[in-house]
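# Summary of structural features
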Amino acid sequence: MKIINIGIDIGGRHIGMALIDEKGKIHKKEIVNYSKDKSLSYIVDTISSYVQEHEKEASSVGIGVPGIVKNNKIVYTCNLSLEDPNFVHKIRTKLPVYLGNDALCATLAEYKLVDKCKYKNYALITVGTGIGAGLIFDGKPYEGKHGYSGELGHTVLKKGGLQCNCGRRGCFERYASVSRLLEVTKKKSLGELFEDIEKNGNLAQIFDNYLDDLADGIANFIMTYDPDMTVIGGSIAWFGDKFYYILREKIASKLFNRGAKDVMLKFAKLGNDAGLIGASFLANS
Ligand SMILES: [Zn+2]
């Protein structure tokens, strides 16, 4: 019999929910949009009603959360009112419920489905609205003592720089997130930006500066963790083939200049559903 788990991805504006088999195939997917002012009980009720409807078909519930998670507890969320140590117990179900950071969930999905667990030490860096990371250490997801291990976006790139939501200044994500890139180029989407870059030399220069900041943060990360493979996910990954070699070259130049071929870097393949799929793998990780 196939093993089916429920995967849930809590985003900033929507909750994705689905039944997912061990091969990562998605069934009965539902997306519920919500506004930022919705309370914790709204999120709990939304998840509980989906889980109750499908609990006979599944063996566990995995929930990806945009925040710091440690030992199945939500320790901190920047933008959502989810910080409740009893969050897991509020979901009305008989099934076991597992929580994970959303970037870590995306990492698990990519690690298991695309790379078939072939690397021992592995990392995925999500570059989208913000920047997060998920770490696999010796084949296992690594949260760290406080659950901070993937908070790469909130390491400082420029001291005294731009104010960040987290309270510090100059965080990596304030310079290298997609939100920042669109802000400085005054574009509505990455699609629009890449269409214009070839025609407009000024935009090309701004994008090159952006890639330099992105490369600085990734190089800092590689110098610290030195994984067997580093994967870049998030919305920037859709356009990865437009700048892969330039980015790899820039990263290499910051790593004692060992040569770009030595940089084990690639773009994520699974797209928007990675978080949802990875959440369903939390029970077996
Ligand atoms: Zn920050």
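Residues numbered from 1 in each chain as written. Predicted model: local features only at pLDDT ≥ 70, side-chain atom pairs only at ≥ 80, totals over all residues.

## A word on the sheet that holds strand β4 (residues 61-65)
- Within the open sheet, the five strands sit side by side as β3-β2-β1-β4-β7. Their pairing is mixed. A single partner strand is all that each edge strand has here, and the edge strands are β3 (26-33) and β7 (97-101). The sheet shows a mean angle of 15 degrees between the axes of neighbouring strands, direction not considered.
- Here six bridges tie strand β2 (residues 14-21) to β3, and the two strands are oriented antiparallel to one another. Paired with Ile-15 across the two strands is Val-32, which belongs to β3.
- Packed onto the sheet, helix α1 (residues 40-54) meets β1 (4-10), β2, β3 and β4 and runs at close to 20 degrees relative to β2.
- Docked against the sheet, helix α3 (residues 102-114) engages β1, β4 and β7, running at close to 100 degrees with respect to β7. (Pairing = 2+ DSSP bridges. Helix = DSSP H or I, 4+ residues; strand = E, 2+ residues; numbered from the N terminus. Axes fitted to C-alpha atoms, helices over the stretch in contact; angles between N-to-C directions. Contact = placed C-beta atoms within 7 Å.)

## Notes on the environment of Gly-217
- One can find Gly-217 in helix α7 (residues 201-225).
- Since 24 C-beta atoms lie within 10 Å of it, Gly-217 is described here as buried.
- Sequence spacing of Gly-217 and Ile-15 is 202 residues, and the spatial spacing of their C-alpha atoms is 30 Å.
- For Gly-217, the residues in contact, after removing those within four places along its chain, are Leu-152, Leu-157, Phe-172 and Ala-176. (Buried ≥ 20, exposed ≤ 12 C-beta atoms within 10 Å, placed from the backbone.)

## Thoughts on the packing of α7 against helix α8 (residues 244-254)
- Between α7 and α8, whose axes approach to 8 Å, the crossing angle comes to 50 degrees. Relative to α8, α7 is oriented oblique. Crossing handedness for the pair α7 and α8: right-handed. Contacts between α7 and α8 pair Leu-211, Asp-212, Leu-214, Ala-215, Asp-216, Ile-218, Ala-219 and Ile-222 from the former with Ile-246, Leu-247, Lys-250, Ile-251 and Lys-254 from the latter.
- Split by residue class, the contact of α7 with α8 holds nine nonpolar, no polar and four charged. (Parallel < 35°, antiparallel > 145°, perpendicular 65-115°, else oblique. Left-handed = near helix turned anticlockwise from the far one by under 90°. Nonpolar A, V, L, I, M, F, W, Y, C, P; charged D, E, K, R; others polar.)

## Here's the deal with the domain arrangement of the protein
- Per the domain assignment, the segments of the protein are domain 1 (4-105 + 273-284) and domain 2 (116-268).
- Just the C-alpha atoms count here: the centres of domain 1 and domain 2 sit 26 Å apart.
- Contacts between domain 1 and domain 2 engage eleven residues on the former and 16 residues on the latter.
- Contributing elements (two or more residues each) for the side of domain 1 that touches domain 2: β5 (68-70) and α3. (Domains from an automatic or database assignment.)

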